[in-house]
Structures are given as structure tokens and as C-alpha cells.
Amino acid sequence: MAVTVDKQELEKTSGNGAHSDVVVAVRGLTKVFKDFWGRSKARAVNDVDFEVYRGEVFGLLGPNGSGKSTTIKMLLGLLYPTKGHIEVFGHSPRHVATKSRIGYLPEESYLYRYLDSRETLDFFGNLFRLSPEDRKERITQLLEMVGLAQTQTRVVGEFSKGMQRRIGLAQALINDPDLVILDEPTAGLDPIGCREIKDLIVSLARRGKTVILSSHLLADVEDVCDRVVVYFGGRIHAMGTLKELLATPDSIRMTMPALPKETLERVLEIIRRDVADDRIHIDTPEQSLESYFLDIVEKARGEALETSGALSGGTVAPYLRGESEQERKQRVLERLTHTGEKTAEEEKAPSEKHEVKEEVLNKLMEQERKAAERPLESGTKDKEKEEKEAQREKVDLSKANEKLSSLTKRERED
Amino acid sequence: MQQILAIARLTFRAAYRFKLVLILSLVLLGGVVLLPLVLEGDGTAQGFAQIVITYTLSITAALLAISTLWLACGTLAGDVEYGTIQTITVKPVSRWRVWLGKWLGVMILNAVLLGLAGAFTFGAMKWRATKLPPEQRQVLDNEVLVSRASAKPPVPELDKAVDQLTKQRLEESSAADLNEELLRQQIRIQLEAQIQTVPPKYSRRWMIDLGAAADDVRDQPLFLRVKFQTSRSMMETLESIIYDTAWRVGPVDSPSTWRTNRSLTANAFHEIRIPAGMLDNEGKLRVEVGNPNDEALMFPLDNGIEVLYREASFGVNFIRGLLIIYFWIGLLAAVGLAAASFLSFPVAAFCSVTILILGMSTGLMSRVVSEGTVLGVNHETGEAGSSFIDWFAVPFFKAVLEVVGFAKGFSPIDALSTGTSIPWSEVGLAFFRLIMVMSGFAAALGMIIFTRRELATAQLSR
Ligand SMILES: Nc1ncnc2c1ncn2[C@@H]1O[C@H](COP(=O)(O)OP(=O)(O)O)[C@@H](O)[C@H]1O
Ligand SMILES: [Mg+2]
């Protein structure tokens, strides 16, 4: 997994594109933990450079103890670098005012055990100087979002680890931050929680927010990150977009409904003319355990079973979507009265269709939400991203087409 | 401000949720209400004051002092150790605000507790007063449950005389190696002794100016508070020796001059009640004492004689006393927080308790400083011991005394139990010295260290 890449190549990959908005810049960052007498105990981070741009989801990937949390704590001014330079929004990490734009979920639940969830969020809201009305509104939405609306009066100390993570996440988002730093966000969460966090991260990024997350779970990173660095022993061993890091450009994979035997034979025959038999691999795609589990829970939720644990909230808090609930409902209503017309945007986003398979209203709300978000997303970054996404699919398809057509051509020639 | 208040509220809430408030209130109530009920007074007004005021207020102050140090150390060091501080300082709140919020939180808690204890003490006192014998109740109402300010005779200006005499002596003396500083000291002591002393068969007169208060107290009884020493009483401190004294108070030419003869013990304070109407037109009280004994009586310059007069109600004075206690606790809270700004909880608690004890053992320290050694002087040989510890202990104690001396002298409990008025000016001075200067210094130190410190280095797991 640890791909070694030499320095020059790193600079090439990180320097691509004309990213003007650097949110976090880290240069030559080194952290040596010292004991009381100043002898060094551990070199937790060793000469690390990277930059994080606005609107991207940036992953710090690495095994336990590789220096991810230490890096994050230095970004937040909780630890001071032994060497090197950090800028967050163009300021030192110790600049107090900058912190109003940052949300942080620590790796452990560093919350007050004697406060209940509402009091906890209210306290942190006060630290952001939010008005009482803002606090009330946001807290309600956040609790709804993280699925703890039912357990408001129990103190955080009694919560399970996963529930504490959820509160931790809620407090990280109370200021609607521009930069969200999540240290192992999925640690201790059930699969639904993981899914929800990932959805949240994606929707934050879609609004032009920057997300930095650390994880040792490959699936987390794979699902949401635009760009990752791979840590090992305090050093960066690889950096780049997932596509760059994972692409194996000389193979393709097709998925289709099961074919009749003779059709499959014919297709295979065609392929065999080009490729040796042992390099072709055929299987039935298995459902991943994650999606299997999610299905079951989805059904159970349909039957409205009660739980004393965390409920899944699922919907991202409205203020984090930059639109009020009122506006949203209004729009959906309007939409319902003008049935039939499809907007250009809807057609442009075919990839999002698979997410929504519930009732019509839900579907409409969802689409409406996305449509509404798009104009609000400031900057070109997001459009760029979408285009990239679309492009990626197009490229893949066109490649497949090319290959297929070339295959058939050859067949005909033969 | 919103941030500071949020942190203050949180700190208070922590104490509340951990039942600290409840337990402390119970302990306080036990100490303030129940214990004094069990203790029988001796039936005198003084005994009453001793138990109800000195005892309960001292317990309250001591309990609050300890709990404040504990809480102040715990609230900050605990946040650092459990990592909760990490979720706070990544918010846009300066660390000095976090520090100040914690201090405020501790002080809110103390205000509540001290208020409660004060109210109960006051109530218990009023209630118990009804159980005293009638003549003692009168003493109580006149001397204890009052707020009396004092006026003292002006301290004579000696500097000029000392200068002059020293110069004269130096000129007269042929010895060139005469130590001028030593000579000056001796001359001063001689002069002071002359002024303080009332020789046998002689009398002495003071004019005590009541200043602005004179008009208010002209038709009230006044109290003369006196204390004297004799050479014999100073040698044999264990025995109380009684001396006769003859007093004459009031304007010379007036027929209303008031006289009394009293037999008083040396080395102790005595109160002599003076009837109303003894002030002269300028608001001055003329006091004359005759010494019929064969020994000289010495009235110390600083507290040998003073006139007490009513200045405010006891309730007002009581509140002023509580305020000063509150300032002391504020200082302790600042010291505890300052220690916790860079130390872990146990170490911080240990250090601040040590500071508390050091502050209270000034008597020992001043002895060490004056004798110049920790080993003490051998009184038979008059030889001073010496050890290498002295080399740093003496200057260290000197420094501590310097600091403590700056805050000392604010002892509201003494004042309350003797019915002595604590003027607002003293409350102000206590605020300035204890809160603004000393707590301010501790706070500045604590805030600077706390701001510079890495907060994510060491955590306990729960
Ligand atoms: N406060 C500390 N004192 C000493 N060593 C530390 C401290 N915090 C972390 N380390 C060490 O630094 C290295 C990196 O830790 P960390 O950044 O927490 O790793 P992770 O990638 O799992 O988040 C580890 O070897 C860890 O032991
Ligand atoms: Mg970690």
C-alpha cells in the first residue's frame, strides 16, 4: 500500500492545476516529542509538506501512530511544531480569529461528561459568540442530523462511544465552518453512522467547504477523499488524487446483467483473440457487507423500531446546506404544482439518481435541494469538480466503447 | 464577554454537577450552624463573639480557602489532563479568556457559598444573642454587635529630632568609627520610649481628634481602648500583673470632666466606656492618665490608646468583612489557577497549599528573619546558631514576608468579633491589593504561561 514516490514527483502531483485558494499550507513540518529533560522521545512527524485547497476533501491516510493526529493538532495550534511552517487561511494556527472558520472533531471524545448534549452544543455555540436564536436553531438541527434528538437530556458521560462521536461531530459543525478537520471521524461509529458522515463530508465539500480527515480505514478515504497523503512513520510516502494513486490504466471491468451462456461464450471468444486466457477474470459482483447491512437497517427503520441508542439522522442540517427548511419546503411545493418539466440541471446530474429510491416527495426534495445548492456554491471549484466527475465517467465509457468497437472491427476484418 | 461567561457558567456547573456545591454547603452549614450550637459559650458577650463570629467565620474562610484551591487547580488542570481543553482552545476564544472564565466561575461559586454561610452566621448570631443574660446583652450590643471606628492620637514626627540628635552626637563624639545607622536607631528607640512612657507618679495627656466624625458622635458614649506594658510585664509574660490607673477625660475647663480609677492588667486590651458629651468644640477628646504605681507604664505608639465610636450598623460592617474575606479567596483562586496553568493537578494542588501554609506561618518566618537563622537563638548563651540553610532560607523568608506583608493586615474576622469598623476605604484597599495587584499578578503569570503552553501533550484516559 505504501507507494514510495520521490520528492520531485510529489511536487509535480501536488502542484497541478491552478489552485488559487490554499486553505492549509504545511512546509517542512517536524514534531519531536521531548521528555521533561528535553531528550527526544518520539519523532512523530518528520519533514512533511502539503497543501490543501478550498473545496477539496483531503485525506491523511496511515497506520496507527504514523503521525496523523499529531499533524492535525499542529494545524490547530494544540501542539507547536519543532520545525517547519504552517499556515491556515493565511494565518498561524495560533491566530484566534481564524478559528471561527474551523471545526474540529478530535480523535477522542474530549467533551464535558456532566453536560447533556444540548448544553454541550450551547456551550460551544457561546464560544463562537452565536446569538441565542442561532444557537437554538442550529442545535436542534444538528441533534436531528446526528440522530441524538431523542437523547437530549442525558449527560454525555453516559453516552456510548459512537454517540459521543456524534456529539463531537455536531459541536465541530456548530459554527458552519469553512474548514472541517476530522480526526478518525468514523472511529467507533456503526456503519450507518459511517455512511452518514461520509455523506455529510461530500455535501460539505459540495458547498465549497474544505475537509481534512485522517483515517486508517481505507474505505473511508476511498469513498470521500479527492486527494490523500499516505503517512508512515511520520513521513509522507505518497500524495495525489485517488485516481492517480489507484488507477491501473491497462485493465477494464464491465458489469452487466447475467448473459445467456452462448452470448457470454461469444464475447469471451472475441476477447480471447486479443488477450491470454489467464488474464481474463469473470465473477458475479457480490454485495458489500456495508451495503447489505445498510439495507437491513433501512428496512428496520421502515418498521419504526425503538432504540435507546443513536438514531440515524441522515439529513444534513439545513443551515449546513445553506438553505432554510422553510425555503426548501416552499420550493418543493412549487415544484409539485409544475409537474413534468425537467430542468437542465437534473439532466446534467444523472449520477445522483441512484441515491434516491424512496417516495416521490423525498426524491423531489432531494433533487430540489441539490438544484438549489448549485447556484449557492461559490467559485468555480465545484463546477470543476462536477465536470471532472462527469468527465471521468465519460472517459471510462468512451474507453470501453473504443475498445469494444475496435474489438468488433477486428472481428469483422477477420 | 459571552465566551468568558460561558466558561464561568460551565465551571460553576461542573462543581454543581459533581455535588461539590451540595457537599460544601452541608459542611458549611454544619460548621456554621450546628457546631456552634453544641459549643456552650461562657455566657459573656466576649465568649459569644468568640464562638459565633470568630469561630464560624474562621471555619467558613478555611473551608472556602481549601475548596477554592482544590477547585481552581482541578478545573484547569483537569481540563488539560482529560483533553477537554482541546475542544475549547480550537474555538475562537483567547486562552486568557478561558483562564479568566475559570476564575470567574470559581468566584461565582464562592459568592454563593460565602453568601449562604454569611447569612446563616448572621441569623444564628441574632438568635443566640437573645439567650444571653441581660447585662451581657448590653455589652454585646455596645461592644460587639456594633461597628466602631477608631481614632488615635497623632504619631509624633520623630525624623527631624532623630536627625538633629544624631548629628549632634556625631559631632560631639571623637570616635570616628561610630556607625551612623546604629546610632540613629538607638536615638529613635530612646525618643520613642520617652514618648510612650508614663513615669511613676506622673501623668500623661493625649489629644485625640475625631475629625469629621465628631459631630455625629458628640451625643453618643465613646469607648477608650487601651493597652500598656511595663518592664516587669514584659519579662514575665505568663503572669498577668495588675496596675492601678487613674483616668480623666474631657475638656479641662469644663465642669463635666469625667474621672475613673481602674485596675488593669498589663499587656492586654481594655475598654473604658466614656459618657457622651466629652468632646470639646473642635471635636477633640482630651484624655489624661495618672500612674500611681512605682513602675513606669508604657503605652505603645501604634495601639496603646485609641477612641472607639460608632460608625455604621453591624450588618453593614459584617458585609464589608465578608467582602474582604471574599477578596482573600479571590487571591487564592488566582494562585490555584496560576499553578494549574503549567502543573498537573496533584502538583498544582500541593504547590498552592504550600503557598497557603507559607502565608499563614509568617510568625515563624519573621522570627527566622529577625534572628537571621532557622536554628534559633540559644537563649542561655545568646549565641545564634547558623547553618547553610540560612544562606537561602533567610532571604527567601524575607521575600515571602515582603509579599505577605503587602496583603496582610486585612483581618476582617478580628475586626468583626471586636466590633471594630472596617471602613470602606479598607475594603477598597483590600480590593486593590488582594485582587488588582496580587491576583492580577498571579493571573498575568498564569495567563502568559497558559497561552504559551502546548495543550495536547499529555492526557490521562478516563
Ligand atoms: N504527547 C505525546 N508524547 C509523546 N509521544 C507522542 C505523543 N503524542 C503522540 N506521540 C507519538 O507520536 C507518534 C504519532 O502519533 P499520532 O500522531 O497520534 O498517530 P496517529 O497517526 O495514529 O494519529 C506515535 O508514535 C506516538 O507514540
Ligand atoms: Mg490518531
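Residues numbered from 1 in each chain as written. Chains lettered and ligands numbered in written order. Predicted model: local features only at pLDDT ≥ 70, side-chain atom pairs only at ≥ 80, totals over all residues. Heavy atoms only, no water.

Undergrad: Can you explain the coordination of the magnesium ion (ligand 2)? Please cite residues and give values.
TA: Residues and elements named next belong to chain A. Taken together, Ser69 (OG) and Glu107 (OE) make up the protein donors of the magnesium ion (ligand 2), found 2.0 to 2.5 Å from the metal. In this pair, serine 69 sits in helix 2 (residues 68–75) while glutamate 107 sits in the loop between strand 5 (102–105) and helix 3 (117–127), placing the two residues 38 residues apart along the sequence. Note on serine 69: relative accessible area 14%, which makes it buried. We classify glutamate 107 as partly exposed; its relative accessible area is 25%. (Donors = N, O, S within 2.8 Å, 3.2 Å for Na, K, Ca; no water. Helix = DSSP H or I, 4+ residues; strand = E, 2+ residues; numbered from the N terminus. Buried < 20%, exposed > 50% of the residue type's maximum accessible area, 1.4 Å probe, protein only.)

Undergrad: Describe the nonpolar core, and please don't skip the residues or the numbers.
TA: Formed by 157 residues in total, the largest nonpolar core has its most connected members in Val24, Phe50 and Leu173 of chain A together with Trp99 of chain B. The biggest single contributor to this core is helix 11 (residues 314–340) of chain B, with 16 residues. Apart from the residues within four sequence positions on either side, valine 24 of chain A is in contact with Phe50, Glu51, Val52, Leu75, Glu87, Val88, Leu179 and Ile212 of chain A. Residues Ala149, Leu210, Leu222 and Ile272 of chain B belong to the second largest nonpolar core, which totals 31 residues. (Core = buried A, V, L, I, M, F, W, Y, C linked by side-chain atoms within 4.5 Å. Contact = heavy atoms within 4.5 Å.)

Undergrad: Explain the interface of chain A and chain B residue by residue, including any values.
TA: At the junction of the two partners, chain A supplies 31 residues and chain B supplies 35 residues. Applying the counting rule to chain A against chain B returns 2 salt bridges. For the pair chain A and chain B, the interface holds 16 residue pairs in polar contact (both at pLDDT 80 or more). The leading source of residues in the side of chain A that touches chain B is helix 3 of chain A, at 5 residues. For the side of chain A that touches chain B, the class distribution of residues is 18 nonpolar, 5 polar and 8 charged. (Salt bridge = Lys/Arg side-chain N within 4 Å of Asp/Glu carboxyl O. Polar contact = N/O pair within 3.5 Å; in protein donor to acceptor, adjacent residues only side chain to side chain. Nonpolar A, V, L, I, M, F, W, Y, C, P; charged D, E, K, R; others polar.)

Undergrad: Which residues make up empty space enclosed by the protein, and what are the values?
TA: Residue and element names in this part refer to chain A. The full count for this structure, using the stated rule, is 7 cavities of 30 Å³ or more. Taken as a whole, the second largest cavity encloses approximately 130 Å³ of empty space. What lines the second largest cavity is a set of 13 residues, and nearest its centre among them are Met145, Val146, Leu169, Glu196 and Ile197. Of all elements in the fold, only helix 5 (161–172) and helix 6 (191–206) reach the threshold of two or more residues within the lining of the second largest cavity. No other element matches the 4 residues that helix 6 contributes to the lining of the second largest cavity. Classifying every residue of the lining of the second largest cavity gives 7 nonpolar, 3 polar and 3 charged. (1 Å grid on protein atoms, 1.4 Å probe; cavity = no way out; pocket = protein on both sides within 12 Å on 5 of 7 lines; lining within 4 Å. Points joined across faces, edges and corners; volume = space filled by probe spheres on them.)

Undergrad: Could you give an account of the domain arrangement of chain B, with specific residues and numbers?
TA: Residue and element names in this part refer to chain B. Per the domain assignment, the segments making up chain B are domain 1 (2–144 + 316–460) and domain 2 (151–312). Counting residues at the interface gives 7 residues for domain 1 and 7 residues for domain 2. In total, about 580 Å² of surface goes out of reach between domain 1 and domain 2, with carbon and sulfur atoms giving 39% of it. The tally of links between domain 1 and domain 2 comes to 0 salt bridges. Taken together, domain 1 and domain 2 are joined by 0 residue pairs in polar contact (both at pLDDT 80 or more). Mapped onto the side of domain 1 that touches domain 2, the elements with two or more residues apiece are helix 6 (134–144) and helix 11. With 3 residues, helix 6 is the largest single contributor of residues to the side of domain 1 that touches domain 2. (Domains from an automatic or database assignment. Buried area = accessible area lost by both parts, 1.4 Å probe.)

Undergrad: Provide a residue-level description of the packing of aromatic side chains, including the pertinent values.
TA: By the definition in use, this model includes 13 aromatic pairs over all chains. An angle of 55° between the planes, with centres 5.7 Å apart, marks the rings of phenylalanine 228 of chain B and phenylalanine 299 of chain B as tilted. Remark: phenylalanine 299 of chain B occurs in the loop between strand 9 (297–298) and strand 10 (305–312) and phenylalanine 228 of chain B occurs in the loop between strand 4 (222–226) and helix 10 (231–235); sequence separation between them is 71 residues. As far as burial versus exposure is concerned, phenylalanine 228 of chain B and phenylalanine 299 of chain B are alike and both buried. Between phenylalanine 314 of chain B and phenylalanine 318 of chain B, the ring centres sit 5.9 Å apart and the planes meet at 40°, which makes this aromatic pair tilted. Placement of both phenylalanine 314 of chain B and phenylalanine 318 of chain B in helix 11 is noted, with a separation of 4 residues, approximately one turn of the helix. Taking NZ or CZ as reference, lysine 31 of chain A lies 5.6 Å from the ring centre of phenylalanine 33 of chain A, over its face. Residue placement shows arginine 101 of chain A over the ring face of phenylalanine 89 of chain A; its charged tip is 3.7 Å from the ring centre. (Phe/Tyr/Trp six-rings, centres within 6.5 Å; stacked < 30°, edge-to-face > 60°. Lys NZ or Arg CZ within 6 Å of the ring centre and 35° of its normal.)

Undergrad: An account of the side chain of threonine 121 of chain B is requested, with residue identities and associated values reported.
TA: Tracing the chain through its elements places threonine 121 of chain B in helix 5 (residues 95–129). Excluding its chain neighbours within four sequence positions, the residues that come into contact with threonine 121 of chain B are Val32, Val52, Thr56, Leu57 and Phe318 of chain B.

Undergrad: Describe the sheet that holds strand 5 of chain A, with residues and values.
TA: Residues and elements named next belong to chain A. Taken together, the 6 strands give an open sheet; going across it, the order is 5-6-7-3-8-9, and neighbouring strands pair in mixed fashion. A strand with exactly one partner marks an edge of an open sheet, and here the two such strands are strand 5 and strand 9 (235–241). The sheet shows a mean angle of 15° between the axes of neighbouring strands, taken without regard to direction. Of the pairings in the sheet, the one linking strand 3 (residues 57–61) to strand 7 (residues 210–215) comprises 5 bridges and is parallel in character. Bridge pairing in strand 7 links leucine 61 to serine 215. (Pairing = 2+ DSSP bridges. Axes fitted to C-alpha atoms, helices over the stretch in contact; angles between N-to-C directions.)

Undergrad: Can you explain unusual backbone geometry? Please cite residues and give values.
TA: All names here are of chain A. We note that aspartate 47 has phi near 50°; this positive angle belongs to a residue other than glycine. With a phi close to 50°, aspartate 176 is a non-glycine residue in the positive phi region. Among the secondary structure elements, aspartate 176 is positioned in the loop between helix 5 and strand 6 (179–183). Relative accessible area serves as the criterion here: at 18%, aspartate 176 is assigned to the buried category.

Undergrad: If you had to explain the site of ligand 1 to someone new, which residues and values would you point to?
TA: For ligand 1, the full set of nearby residues is Phe33, Lys41, Ala44, Pro63, Asn64, Gly65, Ser66, Gly67, Lys68, Ser69 and Thr70 of chain A together with Thr457 of chain B. What surrounds ligand 1 is not a single chain but chains A and B. At a separation of 3.0 Å, an oxygen atom of ligand 1 approaches a polar backbone atom of glycine 67 of chain A. In this structure, an oxygen atom belonging to ligand 1 sits 2.6 Å away from a side-chain N or O atom of serine 69 of chain A. (Near = heavy atom within 4 Å.)

Undergrad: Any chance you could break down the packing of helix 11 of chain B against helix 16 (residues 424–452) of chain B for me, citing the residues and the numbers?
TA: Relative placement of two packed helices is described by the angle separating their axes and the distance separating the axes. Residue and element names in this part refer to chain B. Taken N-terminus to C-terminus, the directions of helix 11 and helix 16 make an angle of 10°; their axes are 8 Å apart at the nearest point. As summarised for this structure, helix 11 and helix 16 are arranged roughly parallel, according to the angle between their axes. In this structure, helix 11 contributes Val316, Arg320, Leu323, Ile324, Phe327, Trp328, Gly330, Leu331, Ala334, Val335 and Ala338 to the contact, and helix 16 contributes Trp424, Glu426, Val427, Ala430, Phe431, Leu434, Ile435, Met438, Ser439, Ala442 and Gly446. For the contact of helix 11 with helix 16, the class distribution of residues is 17 nonpolar, 3 polar and 2 charged. (Parallel < 35°, antiparallel > 145°, perpendicular 65-115°, else oblique.)

Undergrad: Which residues make up helix 3 (residues 45–82) of chain B, and what values do they have?
TA: Residues and elements named next belong to chain B. Between its first and last C-alpha, helix 3 extends 52 Å over 38 residues, near the 56 Å set by a 1.5 Å rise per residue. The sharpest bend along helix 3 measures roughly 25° and falls at glycine 74. Counted residue by residue, helix 3 has 27 buried out of 38 residues, so it is predominantly covered. Looking one or two residues beyond helix 3, the residue adopting positive phi is glycine 83, at roughly 85°. (Expected span 1.5 Å × (residues − 1). Bend = angle between axes of the 7 residues up to and from the residue.)

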